[in-house]
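What the coordinates show
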Amino acid sequence: GEEVWESSHEGLRLHARPLAASWPEVGGPVEAALRLYSRQHPKEHQSLYLFQARPRVWAYFGGQLQPGFPRRIGDEFPGVPGGLDAAVECHPEECGGETILFFKGDTVYAFDLVLRVTKPRTWPGLGPCDTALRWLERYYCLRGTRFQRFDPLTGKVPPGYPRDLRDYFIPCPGRGHGNTSWGAAGDRCSEMPFQALLSDDTGRIYAFRGGLSFRLDSLRDGHHAWPLGQTWPGLEGEVDAAFAWDGRTYLIQGSQVSIFLSGQGHRRVLGYPRALQDELGVSSTDAAFTCPGSANLYLITGDRIRLVDLTQTPRQAGEPVPLPHDHVDGAMCTNDGVFLFHGPSYYQYHSVAQLLGAKEPVAPQSIATHFFHCPQ
């Protein structure tokens, strides 16, 4: 209608305000909306597009209406019809190119932002959609109070859908999606140890425990646990150590390692899992980390750390060097330094050199407080 609803930062409350307060030129209901993702066109990147049934489209950048708008939808997006139900941007990492998906009835119109062409698709198992959105590399079709997650290339819906919108995206009293069967493993504020942590080449940070993973570089998703296979298809069980290098994510489980392509929806590389001994020259490890821009892999077992040059073939682990810690559960390296995790605490070192030169552990800090923003 004439209102727009906005969730609070923590997603605990919803606030309504008149549509005209944010976009006074529109003057009527919005049928679909999207935030354009187009790094090849910086002047359009992160623009907001609002679609009306007339059919017209409005473009805003930095809160300001762009020159030449409103325009007919077909003039701005050739081949896309009016009367749209929903629209969502599709990033190159998931769609192979900069794309917009437009929904009308049971038909999806995929618009290529580079070639400026539209290809209709029919996904009978998905639509129709009242609205669509992308959230943390996942795509959702919402209809009424139900929603489905879908593959943006095929339209396929994974098992377990549809689900109730009021348990996930819309905070309603007495509702929520916390899975109590996960116990402390799924509670972000519990002091249950994490088995592995990972910072990948794209800046995404994950934590693993009990067959679940948490996304930590987003405040919103840092509050949610996900079964391992939802992010890394085909993977089950517990992750003992993890690291990233050269656009790939390495997840170690016991004596085996699986490799996933970091930038393509976490697709597992063919031929994996395979023996860790064959891949890295060790039979097992408690923790692993690489630092941004480096091919040096550090493997921690007990109170010892070993170096592996990932550019070597075959890879071999160097001589063990003592650490100022008797044991760690996980390790991670970012631009902020090296983090070692043990129980409910983490230890931050400014560099690998500081870690290797330390005689005593640095002061411990709370994982739940720093990484999950839990109350102290």
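Details of the structure are given in the entry above.
The present account deals with the structure reproduced in this document.

Parameters at a glance
- Residues numbered from 1 in each chain as written.
- Predicted model: local features only at pLDDT ≥ 70, side-chain atom pairs only at ≥ 80, totals over all residues.
- Heavy atoms only, no water.
- Pairing = 2+ DSSP bridges.
- Helix = DSSP H or I, 4+ residues; strand = E, 2+ residues; numbered from the N terminus.
- Contact = heavy atoms within 4.5 Å.
- Axes fitted to C-alpha atoms, helices over the stretch in contact; angles between N-to-C directions.
- Buried < 20%, exposed > 50% of the residue type's maximum accessible area, 1.4 Å probe, protein only.

In this section: the sheet that holds strand β28 (residues 321-322). One open sheet holds the 4 strands; their spatial order is β25-β26-β27-β28, and the pairing between them is antiparallel. Looking along the sheet, the strands with just one partner apiece sit at the ends: β25 (287-290) and β28.

Attention shifts here to the environment of C333. Looking at where C333 falls in the secondary structure, it is placed in strand β29 (residues 330-334). For the pair C333 and L198, spaced 135 residues apart in sequence, the C-alpha to C-alpha distance is 8.1 Å. Here C333 is in contact with S199, F289, T290, C291, P292 and V338, once residues within four sequence places are set aside.

Turning our eyes to something else, we now look at the sheet that holds strand β17 (residues 205-209). Taken in spatial order, the 4 strands make up an open sheet running β16-β17-β18-β19, and their pairing is antiparallel. At either end of the open sheet lies a strand with only one pairing partner, and these are β16 (196-199) and β19 (225-227). On average, each strand axis in the sheet is tilted by 25° relative to the strand beside it, whichever way the strands run. In this sheet, β19 lies alongside strand β18 (residues 212-215) in antiparallel orientation, the contact comprising 3 bridges. The residue of β19 that forms the bridge with S213 is W226.

For G229, the position within the fold is in helix α4 (residues 228-231). When its relative accessible area of 33% is taken as the criterion, G229 is described as partly exposed. Spatially, the C-alpha atom of G229 lies 18 Å from that of D200, the residues being 29 residues apart in sequence.

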